[in-house]
Amino acid sequence: MRLSRGSLLLVILVFAGDLLAGSLEVIVKDDKGGPGSDAVAYAVGAASAAPKKHAVVDQRDKQFVPYVTAIQVGTAVSFPNSDNIRHHVYSFSPAKKFELPLYSGVPAQPVVFDKVGFVTLGCNIHDWMIAYVAVLPTPYFQVTRQDGRALLKDLPPGQYTVQVWHPGLKGQPEAFAQRVDVGGGTKSLQFTLPLKHDVRAKRAPGLTTGGYR
Amino acid sequence: MTLGIVLLMLLSSFARAEWRFEGQTGLVYDSNLSNSDRSADVRDDWAWRSDVAAGNALQLTRDLRLNFGADLRGEVWDRFGAFNTIGPGASAGLRYRFGLGRQAPWILLENRFGYDRFQDTSQSGYDNVLNFQAGIALSDRIALEGGYAFESFVAPDDFYDRQVHRGNARILFDVTSSLQVSIGYIYREGDVISYAVPPRPDIARFSIEREDEDEFGQPLRTAYKLLGRTHALSFSVAYQLMKYASVQLSYEYAVTTHDPLQYENHIVEANIAVAY
């Protein structure tokens, strides 16, 4: 079988695109030099891809799992309840206000996050339960690991604006944005973020009488 | 028919009920266990205090929760064993939250009924506390709480019957995710028992009742029951050790008066608390 010149050119272009796809390693530190875990690193460029159709935020042992979820705008998120008690998930955030009243098991419908922004989740029964959903305008994102690092892979060549958001970030991610040209290979970017004190409600017994009671 | 539906709803709720187990153990020091006004009569002591409780939370509607449970409390004093006590109790309460989330204002109406058995059995009796509390979060780190409680203690020996009205207010501050502090004020008005070495005609003049007692050894003291007003300031700290446990320290300075009698208590507590 012989390939025509046109077909050969197409195959070369496709493979060349893959070969040129780059990666970005994002290293996040807090302003004291510690690793910035649970931060969302995302790259916004000209290229885009269809959103992943579905994501899951589970509820296990009276905790949201994971603590931070990153999705592309338009993604549907389901909130299964894996505990044998009921939960009541809600959000007041402007990017997505919703409420899943007292339920067990899996809600019938997932929640579609159709607006870019950062959403705080809570449970009306267990005040210490809190989680975040970062709704992003790009398919290129990762949540940083315990060591504060995240790897954004398979970025088509081009120029990107890389931003990092964290639940405790003082200010807006735009203030810390960095621009980068992506070609083949891996580039590294470092972000140092000013973070607020973590004042999540505690599960251990505290002083208040109004929380769990 | 209606009763059947209500029972069915309750059974259904019980099936989804959420159990909670709590325990607390630690030391308490009272600088004036004898509630005496004269320094020569003052007796201080410390005790090992423990509470265990099992409770259930039934979320009846989005905003309304029914809590009920049972508990067992105990105190063992170092020197003055007459005050050693153990007591089972049961409580029930309704909490209503005006909206969703931990920052929504709430009110709580609860009642605890228990029996306190003292080593000095004449002090033993039934204890009932009706408590109304309300709270509001000013921010994600600062909250205000306040309320009113009516405490009633009924003993076979009428001398130990007591009724107390109590009002309280406090501010809570989450310093970090692990550290919480609170500053509070408590006003109590009602029966108190003050011990003094007789003769004390000045106290006898306005006391409701009196009895000669040997709880504090020699010299024998007279216990005076009188109507007192107490102003107390408290400072508490809770530090989360792990997911289910915290250590709690608290200090209370209380001044009780019935003119011309006045006595002070410094009460320090250190506890480890667990909840599951």
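Residues numbered from 1 in each chain as written. Chains lettered and ligands numbered in written order. Predicted model: local features only at pLDDT ≥ 70, side-chain atom pairs only at ≥ 80, totals over all residues.

## Overview of the overall build of chain B
Inference 1: The helix and strand tally for chain B stands at two helices and 13 strands.
Inference 2: The C-alpha radius of gyration computed for chain B amounts to 21 Å, which stays within 12% of the reference 19 Å derived for 276 residues, consistent with globular compactness.
Inference 3: Its C-alpha atoms give chain B principal-axis dimensions of about 65 × 50 × 30 Å.
Inference 4: A total of 276 residues make up chain B; the buried ones form 22% of that total.
Inference 5: Counted over contacts in chain B with a minimum sequence separation of 6, partners at least 24 positions apart contribute 52%. (Helix = DSSP H or I, 4+ residues; strand = E, 2+ residues; numbered from the N terminus. Rg over C-alpha atoms; globule rule 2.2 N^0.38 Å. Buried ≥ 20, exposed ≤ 12 C-beta atoms within 10 Å, placed from the backbone. Contact = placed C-beta atoms within 7 Å.)

## Re the sheet that holds strand β14 (residues 149–155) of chain A
Residues and elements named next belong to chain A.
Inference 1: Pairing is mixed across the open sheet formed by three strands, whose spatial order is β14-β1-β17. On the outer flanks of this sheet lie β14 and β17 (185–193), each paired with one strand and no other. Ignoring strand direction, the axes of neighbouring strands in this sheet form an average angle of 20 degrees. (Pairing = 2+ DSSP bridges. Axes fitted to C-alpha atoms, helices over the stretch in contact; angles between N-to-C directions.)

## Side note on the nonpolar core
Inference 1: By size, the foremost hydrophobic cluster in this structure holds 43 residues, and its most contacted members are Val26, Val40, Ala41, Ala134, Leu152 and Val164 of chain A.
Inference 2: With six residues, the single largest contributor to this core is strand β12 (residues 130–136) of chain A.
Inference 3: Summarising the domain contributions, this core has at least three residues from each of domain 1 (22–48 + 140–198) and domain 2 (49–137) of chain A.
Inference 4: If sequence neighbours within four positions are ignored, valine 164 of chain A has contacts with Val26, Val28, Ala39, Val40, Ala41, Pro173, Phe176, Phe191 and Leu193 of chain A.
Inference 5: Judged by nonpolar contacts, the second largest core, of seven residues, contains Tyr195, Ala196, Phe216 and Ala223 of chain B. (Core = buried A, V, L, I, M, F, W, Y, C linked by C-beta atoms within 7 Å. Domains from an automatic or database assignment.)

## Quick word on the sheet that holds strand β15 (residues 158–165) of chain A
All names here are of chain A.
Inference 1: The strand order across the open sheet built from four strands is β13-β2-β15-β16, with neighbouring strands paired in antiparallel fashion. Bordering the open sheet on either side are β13 (141–143) and β16 (178–182), each of which pairs with just one other strand. Adjacent strand axes in the sheet meet at a mean angle of 25 degrees when their direction is disregarded.
Inference 2: Relative to β15, strand β2 (residues 40–45) runs antiparallel, the two being bridged by six bridges. For alanine 41, the partnering residue across the bridge sits in β15 and is valine 164.

## Some words on the domain arrangement of chain A
All names here are of chain A.
Inference 1: Taken domain by domain, chain A comprises domain 1 (22–48 + 140–198) and domain 2 (49–137).
Inference 2: Each of domain 1 and domain 2 has a C-alpha centre, and the two are 23 Å apart.
Inference 3: With nine residues of domain 1 at the contact, the number on the domain 2 side is nine residues.
Inference 4: Those elements that place two or more of their residues in the side of domain 1 that touches domain 2 are β2 and β13.
Inference 5: Considering every element that reaches the side of domain 1 that touches domain 2, the biggest residue donor is β2, with three residues.
Inference 6: In terms of residue class, the side of domain 1 that touches domain 2 is built from seven nonpolar, one polar and one charged. (Nonpolar A, V, L, I, M, F, W, Y, C, P; charged D, E, K, R; others polar.)

## Points about the confidence of the model for chain B
Atomic detail in the predicted coordinates should be set aside for any region of low pLDDT.
Inference 1: Confidence in the prediction of chain B, expressed as mean pLDDT, is 92, and 94% of residues score 70 or more.
Inference 2: Scored as a complex, the prediction yields pTM 0.85 and ipTM 0.81. (pLDDT = per-residue confidence, 0-100.)

## Examining the interface of chain B and chain A
Inference 1: Counting from both sides, the interface comprises 34 residues of chain B and, opposite them, 29 residues of chain A.
Inference 2: Per element, the largest residue contribution to the side of chain B that touches chain A is four residues, and it comes from strand β11 (residues 221–242) of chain B.
Inference 3: When grouped by side-chain class, the residues that make up the side of chain B that touches chain A number 11 nonpolar, 12 polar and 11 charged.

## Concerning the pairing of strand β8 (residues 162–174) of chain B
Residues and elements named next belong to chain B.
Inference 1: Where strand β7 (residues 142–154) and β8 come together, 12 bridges link them in antiparallel fashion. Within the sheet, the bridge partner assigned to alanine 149 lies in β8 and is arginine 166.
Inference 2: In this sheet, strand β9 (residues 179–196) lies alongside β8 in antiparallel orientation, the contact comprising 11 bridges. Note that in β9 the partner of isoleucine 171 across the bridge is isoleucine 183.

## What about the environment of arginine 117 of chain B?
Residues and elements named next belong to chain B.
Inference 1: Within the secondary structure, arginine 117 is located in strand β5 (residues 106–118).
Inference 2: When the C-alpha atoms of arginine 117 and alanine 134 are compared, they prove to be 31 Å apart, with 17 residues separating the residues in sequence.
Inference 3: Not counting residues up to four positions away in its chain, the partners in contact with arginine 117 are Thr85, Ile86, Gly87 and Ser124.

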